[in-house]
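The primary structure of each chain is shown beneath.
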Amino acid sequence: MQYEPRPQRILLPVSPLFMGFTLACALTFNLLPWRNVSGMPDLVALVLAFWGVHQPRRISVGIAFAFGIVMDVANGALLGQHAFAYAALAFTANALSRRLLWFPLWPQAMHMLFVLLGSQLLMLAVRMFSGSPFPGVLYFLGSFISAALWPLTTMLLLAPQRRPESIDENRPI
Amino acid sequence: MDRQPPPFFNRGPAPLVRLSFFMLLAILLMVLDMRFRAAETLRTGLAVVIYPLQRATGAPVELLSSIADYFSSLSSAQRENEALRTRVLQSARDVLTLEALASENAHLRRLLEARERVPGGASLAEIMYSGRDPFSRKIVLDKGSQQGLLSGQPVIDETGVIGQVTRVFPMLSEVTLITDKDQAIPLQVVRNGLRALAYGDGATLDLRFVAANADIQNGDVLVTSGIDGIYPAGLPVARVSRVERDAAYAFARIQCVPIAGTERHRQVLVLAHDAKLPAAPEAQPQQAARAPKGRRTKKRE
């Protein structure tokens, strides 16, 4: 198969404030009273994975770990359960960052599906090890929804970086 | 060749090192939390820090529900009023007899020199949200140790027991529902007074260690037996939904459906458990010496 170069936009530098804002939004979404609806997408995981892929130098394992601890405390889960899964998720996202962005959006989403499923499996393994019952197959639905949201997430979270630069009439080129 | 790379290239420890460090830290935290309950201070501190965020997330939901309340029509309010009126009338007779029975009961108990059952206080709390963790059944209430809640208090709604306060933060508290896997509750069958112990099973309750020939039928109502000193006796808990008797096992498999639901209402009642238990019997000196090796002594006996 012949290599076809696709046009890639040169993005503006990311604003750390915006990254923090999106992570806070995802956390807020996760803390909404969902009344034990199984199969809700874990947006914190999705946004962490997104920034882990796009900004591997800023979002690394440590920040993911911190968000995991916050999720654990807020949900009354075993302390460290989300942190464990998110740390692995961030590591995988960082490792994939050089490769993944060469793909179109939907193949990217397919990659992320397995990354997110992997982190859910890790959490499941931890909980089964600590003696919890299997929560049902619907538990994995969240990852599929998250992966399906990947193109939308890309569009929304990269929008500030895709703004046109200030138009300068006097510029020669 | 001891030249340092310029700080421009310095990216800290390698990713794999970082991952191993944080995963080990997570495992350490989990072990501390699960086996030793040693991470409670950290948990409480973090809970205070994220409290404003939790309150903020609750706000839009509260707004929506208050808007819905506002638009609920007058007729439905009137209908509800009517229904409540009839219920008050119906229960009036019970209340009247209850007073007589209570005084009679107190008298009899005094005669028996038994301790009087003091009705403890109760405080109303609202459910802020239910935990998102699919492995445990927990809800978070909007009151905490600042409002005088204590770990271990039973939580009920108007139909029955929903759970027990298991963790108290300054402003919030966590309630483990009776359907949680780690939650056990001592019960009694209303029909014949048979006592049993129910364990949570995700969505239902599991009545364990009941002999295969025990007299339990489908539809039996189970209430708290009160012998644990935590739950007051006589609160409805569950209804038997399935009884399986297998000759191969010594115990019957009994599944029960909880009567109270956390999905219906936002308000719950947290009961104060100031039940005065009789003092524990004086241990025999010999037994006291053996006490630390509890398991072995059981086997020997």
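Structure shown above.
Note that this is a predicted model, so its numbers are computed, not measured.

A.B. asks: Quick question: what am I supposed to make of the overall build of chain B here?
C.D. replies: A count of helical and extended segments in chain B gives five helices and twelve strands. When burial is assessed residue by residue, chain B has 27% of its 301 residues classed as buried. Here the contacts in chain B between residues at least 6 apart in sequence split such that 54% fall between residues at least 24 apart.

A.B. asks: Got a minute to help me understand the nonpolar core in this structure?
C.D. replies: A general trend in soluble globular proteins is that nonpolar side chains are found buried together. With 92 residues, the main nonpolar core has Leu48(A), Ala49(A), Ala64(A), Tyr86(A), Ala87(A), Leu89(A) and Ala90(A) as its most contacted residues. Discounting residues that sit within four places of it in the chain, Tyr86(A) has contacts with Ala45(A), Leu48(A), Ala64(A), Phe65(A), Phe67(A), Gly68(A) and Ser119(A).

A.B. asks: Hey, could you run me through helix H1 (residues 16-31) of chain A in this one?
C.D. replies: Across its 16 residues, H1(A) extends 23 Å between first and last C-alpha, which sits within 8% of the 22 Å expected from 1.5 Å per residue. Along H1(A), the residues that are buried comprise Leu23(A), Ala26(A), Asn30(A) and Leu31(A). With its buried residues spanning 140° around the axis, H1(A) presents them on a single face. Away from the buried face of H1(A) by more than 90 degrees, exposed residues Leu17(A) and Phe21(A) are located. In this fold, the buried residues of H1(A) make contact with helix H2 (43-54) and helix H3 (61-75) of chain A together with helix H2 (40-71) and strand E1 (122-130) of chain B.

A.B. asks: Would you mind showing me how to read the sheet that holds strand E7 (residues 195-201) of chain B here?
C.D. replies: Note: strands within a sheet are paired through backbone hydrogen bonds, in either parallel or antiparallel orientation. All names here are of chain B. Strand order in the closed barrel formed by six strands is E6-E7-E8-E11-E10-E9, and the pairing between neighbours is antiparallel. For this sheet the average axis-to-axis angle between neighbouring strands, irrespective of direction, equals 45°. As judged from the three bridges shared by strand E9 (residues 221-224) and strand E10 (residues 236-244), these two strands associate in the antiparallel manner. Among the inter-strand pairings, Leu222 is bridged to a residue of E10, identified as Ala238.

A.B. asks: Looking at this structure, I do not really get the interface of chain B and chain A. What am I missing?
C.D. replies: In many analyses, interface size is given as the accessible surface area lost on bringing the parts together. Counting from both sides, the interface comprises 34 residues of chain B and, opposite them, 39 residues of chain A. Counting residues per element, the ones that place at least two in the side of chain B that touches chain A are helix H1 (15-36), H2 and E1 of chain B. Ranked by residue count, the leading element in the side of chain B that touches chain A is H1(B), at eleven residues. Of the residues contributing to the side of chain B that touches chain A, the split by class is 18 nonpolar, six polar and ten charged.

A.B. asks: Where do I start with the sheet that holds E1(B) in this structure?
C.D. replies: Residue and element names in this part refer to chain B. With antiparallel pairing, six strands are arranged side by side around a closed barrel as E1-E2-E5-E4-E3-E12. Within the sheet, the average angular offset between the axes of one strand and its neighbour, ignoring direction, is 45°. As paired elements, strand E3 (residues 154-156) and strand E12 (residues 267-271) share two bridges and run antiparallel to each other. If you follow Val155 over to E12, its bridge partner there is Val270.

A.B. asks: Is there a simple way to explain the environment of Val14(A) in this structure?
C.D. replies: All names here are of chain A. Position of Val14 relative to the elements: it lies in the segment before H1. The class of Val14 is partly exposed, set by 16 C-beta atoms lying within 10 Å. Taking the C-alpha atoms as reference, Val14 lies 9.8 Å from Leu157; in sequence the two are 143 residues apart. Contact partners of Val14, with chain neighbours within four places excluded, come to Met19, Gln55 and Gln161.

A.B. asks: Sorry if this is basic, but what is going on with the packing of H3(A) against H2(B) here?
C.D. replies: Helix packing for two helices is described by the angle between their axes and how far apart those axes are. Here H3(A) crosses H2(B) at 85°, and the two axes come no closer than 9 Å. When the interaxial angle is binned, H3(A) and H2(B) end up roughly perpendicular. Here H3(A) contributes Ile69(A), Val70(A), Val73(A) and Ala74(A) to the contact with H2(B), which in turn contributes Arg43(B), Leu46(B), Ala47(B), Ile50(B) and Gln54(B). Across the contact of H3(A) with H2(B), the residue classes tally to seven nonpolar, one polar and one charged.

A.B. asks: I tried to follow the pairing of strand E8 (residues 204-208) of chain B on my own but got confused; where do I start?
C.D. replies: Residues and elements named next belong to chain B. Residues of E8 alternate between two faces, with Leu205 and Leu207 buried on one and Thr204, Asp206 and Arg208 left unburied on the opposite face. By the bridge criterion, five bridges tie E7 to E8 in an arrangement that is antiparallel. Bridging across to E8, Asp201 finds its partner in Thr204. Between E7 and E8, which pair antiparallel in sequence order, lie two residues; one of them, Gly202, sits at a positive phi of approximately 90°. Here E8 runs beside strand E11 (residues 253-258); their pairing, made up of three bridges, is antiparallel. By the bridge assignment for E11, Leu207 is matched with Ile254.

A.B. asks: I keep staring at the environment of Gly234(B) and nothing clicks. Help me out?
C.D. replies: All names here are of chain B. Along the polypeptide, Gly234 turns up in the loop between E9 and E10. Residues Gly234 and Val17 lie 217 residues apart in sequence; the distance between their C-alpha atoms is 57 Å. Non-local contacts of Gly234, meaning those with residues more than four positions away in its chain, are made with Val223, Thr224 and Gly226.

A.B. asks: I keep staring at the packing of helix H4 (residues 81-100) of chain A against helix H5 (residues 105-129) of chain A and nothing clicks. Help me out?
C.D. replies: Residue and element names in this part refer to chain A. Running from N to C, H4 and H5 point in directions that differ by 155°, and their axes come no closer than 9 Å. For the element pair H4 / H5, the angle class is roughly antiparallel. Of the two possible hands of crossing, H4 and H5 adopt the one that is right-handed. Residue-level inspection shows Gln81, His82, Phe84, Ala85, Tyr86, Ala88, Leu89, Thr92, Ala93, Leu96 and Leu100 of H4 in contact with H5, the latter providing Gln108, His111, Val115, Gly118, Ser119, Leu122, Met123, Val126 and Arg127. Of the residues in the contact of H4 with H5, the class split is twelve nonpolar, seven polar and one charged.

A.B. asks: Would you mind going over unusual backbone geometry with me for this structure?
C.D. replies: Most peptide bonds are trans, and most residues other than glycine sit at a negative phi. Residue and element names in this part refer to chain B. Within the chain, Phe209 stands out as a residue other than glycine whose phi angle is a positive 55°. With respect to the helices and strands, the residue Phe209 is situated in the loop between E8 and E9. A count of 11 C-beta atoms within 10 Å places Phe209 in the exposed class.

A.B. asks: Is there a simple way to think about the pairing of E9(B) in this case?
C.D. replies: The two faces of a sheet get side chains in turn, since along a regular strand they alternate between them. By the bridge criterion, three bridges tie strand E6 (residues 184-189) of chain B to E9(B) in an arrangement that is antiparallel. Within E9(B), the position partnered with Leu187(B) by the bridge is Thr224(B).

Procedures and definitions
Residues numbered from 1 in each chain as written. Chains lettered and ligands numbered in written order. Predicted model: local features only at pLDDT ≥ 70, side-chain atom pairs only at ≥ 80, totals over all residues. Helix = DSSP H or I, 4+ residues; strand = E, 2+ residues; numbered from the N terminus. Buried ≥ 20, exposed ≤ 12 C-beta atoms within 10 Å, placed from the backbone. Contact = placed C-beta atoms within 7 Å. Core = buried A, V, L, I, M, F, W, Y, C linked by C-beta atoms within 7 Å. Expected span 1.5 Å × (residues − 1). Arc of directions from axis to C-beta. Pairing = 2+ DSSP bridges. Axes fitted to C-alpha atoms, helices over the stretch in contact; angles between N-to-C directions. Nonpolar A, V, L, I, M, F, W, Y, C, P; charged D, E, K, R; others polar. Parallel < 35°, antiparallel > 145°, perpendicular 65-115°, else oblique. Left-handed = near helix turned anticlockwise from the far one by under 90°.

So far we have only geometry, and geometry alone does not tell us how the molecule works.
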